[in-house]
Amino acid sequence: MMKKKSTSASKASLVLFLCQMISALDVPLDSKLLEELSQPPTITQQSPKDYIIDPRENIVIQCEAKGKPPPSFSWTRNGTHFDIDKDALVTMKPNSGTLVINIMNGGKAEAYEGVYQCTARNERGAAISNNIVIRPSRSPLWTKERLEPNQVREGDSLVLHCRPPVGLPPPIIFWMDNAFQRLPQSERVSQGLNGDLYFSNVQPEDTREDYICYARFNHTQTIQQKQPISVKVLSVDSLNDTIAANLSDTDIYGAKPVKERQPVLLTPTGSTSNKVELRGNVLLLECIAAGLPTPVIRWIKEGGELPVNRTFFENFKKTLKIIDVSEADSGNYKCIARNILGSTHHVISVTVKAAPYWITAPRNLVLSPGEDGMLICRANGNPKPHISWLSNGVPIAIAPEDPSRKVDGDTIIFSDVQERSSAVYQCNASNEYGYLLANAFVNVLAEPPRILTPANKLYQVIANNPALLDCAYFGSPKPEIEWFKGVKGSILSGSEYVFHENGTLEIPVAQKDSVGTYTCVARNELGKIQNEVQLQVKDPTMIIKQPEYKVIQRAGQVSFECTIKHDPTLIPTIIWLKDNGELPDDERFLVGKDNLTIMNVTDKDDGTYTCVINTTLDSVSASAVLTVVAAPPTPAIIYARPNPPFDLELTGQLERSIELSWIPGDENNSPITNFVIEYEDGLHEPGVWHYQTEVPGTQTTVQLKLSPYVNYSFRVIAVNEIGRSQPSEPSEQYLTKAANPDENPSNVQGIGSEPDNLVITWESLKGFQSNGPGLQYKVSWRQKDFDDEWTSVIVANVSKYIVSGTPTFVPYEIKVQALNDLGYAPEPSEVIGHSGEDLPMVAPGNVQVHVLNSTLAKVHWDPVPLKTVRGHLQGYKVYYWKVQSLSRRSRRHVEKKILTFRGNKTFGMLPGLEPYSSYKLNVRVVNGKGEGPASPDKVFRTPEGVPSSPSFLKITDPTLDSLTLEWGSPTHPNGILTSYILKFQPINNTHELGPLVEIRIPANESSLILKNLNYSTRYKFYFNAQTSVGSGSQITEEAVTIMDEAMASRQVDIATQGWFIGLMCAVALLILILLIVCFIRRNKGGKYPVKEKEDAHADPEIQPMKEDDGTFGEYSDAEDHKPLKKGSRTPSDRTVKKEDSDDSLVDYGEGVNGQFNEDGSFIGQYSGKKEKEPAEGNESSEAPSPVNAMNSFV
């Protein structure tokens, strides 16, 4: 009793431990992060467990895996190491574990039968594949045997045994005759699951000498044929004739008539049998009975119902089929065979077993050092599967000890793991019916924090809405996340913020004071990292004047207003809707900036109009209803659809025509424009009316063409501008006489669905096209240029017939002729069809690749013989993929690209290649069935190209005369870097460029200190990398050397000296005294005669001084005192924008070109032209001018 208590207590503590375990790390699906993290191997692709191969082709056993570092591969065969280096026929694909066994070079597939297993291993563990059982397919010939003719009495049962040869996989059985036609089967004659042909009772028409059993081995695409079996049915009349020939006239003779017999089961035998089936498979139960009349089969399940939606009856209900069986389908199934004389039955006891299936498959586990975790492997089956564990492919009992690991049945518990605990664990669940194998790794990572959110990411939200600032991170152990606002802000906390588990900071109600820079800091015991993001809060968009309800008369005009207020940095778009849909496409609707106007309003304009304002951040809308009313009533004529015609009469009845007349109904103030005549076929489609013809509105009789064997009724519909009338009452019926079909089926085609058949299809004639009862079709075919005689068959009213046993993809002449009880249609035209296609047999040969440049190659190949295409040649497919970059020597995941070239083309271009890389390609021919085998892989290399720009250029540590440059190598070197080219030149205060200096730097350098520079000077740098092909694109940057401290201090001292301040005060006082004197003298002065004359004869060229503002004429000094635009740096494209040069002296000159006054003062143009690209040797493409001379760099 005490022992039982102890067990219960230990289980409870285990459950508590599992509940308290730290959850495993979630690794974000960031491609760059995944490439950098170490990872144990994972099997990504493998061949099936039971792998049946074609012994005529090379054996390819797949094994693909991923991991970091990339795994290495090894194989075992029949439980021992398989040394592929010792077998010249066995190779392993590069960067892969896939084996290729070259059988086509003299090897035998039987020599490589066995059980294979692949192991993928790296420094973090080893993953293993399933046990792959390799077996070559077999299609043996039938053993020669002498078959005696079968003589059987009419009405007796008969079984023709097939007994096909044992093949791998088992063959598909079917019975045909010498003409390769499938033998017809019915409730009386049918094929059993074992391939035998069963006759419940034989009839005289069963006599024939060509009952042939065929076995089709799909894997090798071969068909084997048994010797023909002869069956002779002895009828009662023939037996009586035989007996009479051997007796005298005085004897009494006579065979017994055919005797009816009650059912007897031919298969299965006995009253009971047993059947075992596996879960998930298809259960097939069969009962075939003999008897006369032919018995009918019925199925029941004792003590239950047959499962709904999963039960099907086949082979004329002789076979019960239940798909996707489960344990609940176990039980007793009874088949009952019955005819008018009695019944018999058989009970099949079905037991459903189950191979192992997953309940919980183990999943990969990523942990930090010191964390806990567990792997769970739960499977079910019948019988219950046995669970066993392996570590790195070795049974866990003999694997190296790991103190952090504890195995408890179907669970492995890990506690306080360390990096050495990383491994791949395999769970094997097996019973007598199969096994399951799953790999799951435990990856213990010790990684410093990483922030995956881009730096300085900008977030924009509308005020009073939530703001979500992302800080996606990863680290092991899991980092702690803290948020700060501003550069030196304190850590954020409190109810005004929400901190999410994934690192996101949520501001539930963002206000204007929420704007700013937010810093996310992630830290664990291995390090710390931070990232800044920006938040902008925008004003909401508002509708300050909404559209209002309007009532308008027809033909009037109405407007809806929609005035908005929005954040100036957001661009709104206004959309008008009518009844929540688009506005009608009508020129009467005029959409303005903030209104909608509808001209000449009609009743259709009635509805709800909505203005919707959208910005990138928000959306608002407002609606108003428009009601359209009638104008003041005036007497009006009522227009309406016409009344239906009446008094329909049929006259002049002939076999193929008749005359129909009628009396029109009231026009209702709108003239009738035309009459539509419709007919009903009461014999073939009662209740369905079809269009016959139409006549002008002035006509009331029409001569109608008729078809044979149609029971016609007619009706008439009148049409005016308002609409169509109701149909008239139907006319009396008129049945035309039957006749031969006038036409044959259309769209006749012959296309094979399988390599050994020809499917003939056509569009059936419609009911009234049959021209009589008993519509059938005569289907005829013959192999083009091979057969002289047509093979024909008459089929019922269907639209398809399948010709079996045809050669693969050969042309056939086909025709389909309609017939009925009165005779045939005219002779049909012939069409050409083809029997079924099969996959192409050979690969294109002589594949050649010509590399045209670093990104383009041309591939050539020889066309395959048309006979080997075995189908319609659709073209060729070129598969090509990059193996590795020759500059980095790094391999990556192979991404195959496919180019398709239509028709019989033998060359193609491969664009978009990466320079200085190694590629592989192969070519395959394509037909309607699919792709043929691939040509051998062709390896080619692309030459070097020019590199991309350096990944970055940073300028640091400025001094008086030096700058430090640091750079990163190009992301895509596209070859072997030979050097870096640095060009730089100074920029003066007017943004003009000085002399250009060029420096060549070795390719292995990543920094440079530039010395002997001018102090307090801005420099512009151009930097690019070079390969042997040439220079790549450049990256530019600007930097400034620092100012001389002594000069800066002198400038400050002058402004603060006492004598300087006194001088400025004296100047200001002197100016004030002069202004006072001028004011006094002006007040004492008066008008003089000269002054009056001047006023009377004012020179029009001289404008008087305005008294109100003191300015001289219309001249304004607004342009003289324009503030300079902010920012003196030249843009990165070295272009001076127009607005930056508006203060040019051109505004004050008299011409475009610069000029000098007589005293030599300059009044010309101040140049603000766009800078040119720096030229070699600092040469200028502009003509020299005084402007350039004055503005040249000093």
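Residues numbered from 1 in each chain as written. Predicted model: local features only at pLDDT ≥ 70, side-chain atom pairs only at ≥ 80, totals over all residues. Heavy atoms only, no water.

### Things to note about the state of the cysteines
Using the criterion set out here, one finds six disulfides in the structure. The disulfide that involves Cys 162 links it to Cys 213, with 1.9 Å between the sulfurs. Between Cys 162 and Cys 213, the S-S dihedral sits near -70°, and the bridge is therefore left-handed. Taken together, the positions of Cys 162 in the loop between strand S13 (158-160) and strand S14 (172-176) and Cys 213 in strand S17 (residues 208-217) put the pair 51 residues apart, joining distant regions of the chain. Cys 162 gets classed as buried once you look at its relative accessible area, which sits at 0%. The side chain of Cys 471 participates in a disulfide bridge whose partner is Cys 520; the two sulfur atoms lie 1.8 Å from each other. In this structure the cystine formed by Cys 471 and Cys 520 twists about its S-S bond by roughly -55°; its chirality is therefore left-handed. Of this pair, Cys 471 sits in the loop between strand S40 (467-469) and strand S41 (473-476) while Cys 520 sits in strand S45 (residues 516-524), placing them 49 residues apart in sequence. You'll find Cys 471 and Cys 520 in the same group, each marked buried. The connectivity of the disulfide bonds within the protein chain can be written as 1-2, 3-4, 5-6, 7-8, 9-10, 11-12, using the sequence rank of each bonded cysteine. (Disulfide = S-S within 2.5 Å. Helix = DSSP H or I, 4+ residues; strand = E, 2+ residues; numbered from the N terminus. Buried < 20%, exposed > 50% of the residue type's maximum accessible area, 1.4 Å probe, protein only.)

### Structural notes on unusual backbone geometry
A cis geometry characterises the amide bond from Lys 68 onward to Pro 69, with omega recorded as 5°. The omega torsion across Leu 168 and Pro 169 is -5°, close enough to zero to call that bond cis. Backbone geometry places Asp 785, a non-glycine residue, at a positive phi of 60°. Its identity as a non-glycine residue notwithstanding, Arg 870 has a phi of 55°, on the positive side. Looking at the element boundaries, Arg 870 is found in the loop between helix H4 (866-869) and strand S74 (873-885).

### A short note on a nonpolar patch on the surface
On the surface, Leu 1069, Leu 1072, Ile 1073, Ile 1076, Val 1077, Phe 1079 and Ile 1080 cluster together into a nonpolar patch covering about 660 Å² of accessible area. Turning to its location among the elements, Ile 1076 is positioned in helix H6 (residues 1058-1084). (Patch = residues over 30% accessible without salt bridge, like charges linked within 9 Å, V, L, I, M, F, W, Y side chains within 5 Å. Areas by Shrake-Rupley, 256 points an atom, 1.4 Å probe, with all protein chains shown as cover. Salt bridge = Lys/Arg side-chain N within 4 Å of Asp/Glu carboxyl O.)

### Structural notes on the sheet that holds strand S84 (residues 1018-1026)
Strand order in this open sheet of four strands is S82-S81-S84-S85, and the pairing throughout is antiparallel. Every other strand in the sheet has two partners, leaving strand S82 (997-1002) and strand S85 (1035-1040) as the edge strands with one partner each. Between one strand axis and the next, the sheet turns through 25° on average, direction left out of account. One ladder, built from six bridges, connects S84 with S85; its direction is antiparallel. Bridging from a neighbouring strand, Phe 1021 pairs with Glu 1037 of S85. (Pairing = 2+ DSSP bridges. Axes fitted to C-alpha atoms, helices over the stretch in contact; angles between N-to-C directions.)

### As for the side chain of Lys 578
For Lys 578, the position within the fold is in strand S51 (residues 573-578). Among the residues examined, Lys 578 registers a relative accessible area of 12% and is labelled buried. One polar contact links the side chain of Lys 578 to the main-chain carbonyl oxygen of Lys 604, over a distance of 3.3 Å. From its side chain, Lys 578 meets the backbone oxygen of Asp 606 in a polar contact 3.3 Å long. Not counting residues up to four positions away in its chain, the partners in contact with Lys 578 are Leu 583, Pro 584, Lys 604, Asp 605, Asp 606, Thr 608 and Tyr 609. (Polar contact = N/O pair within 3.5 Å; in protein donor to acceptor, adjacent residues only side chain to side chain. Contact = heavy atoms within 4.5 Å.)

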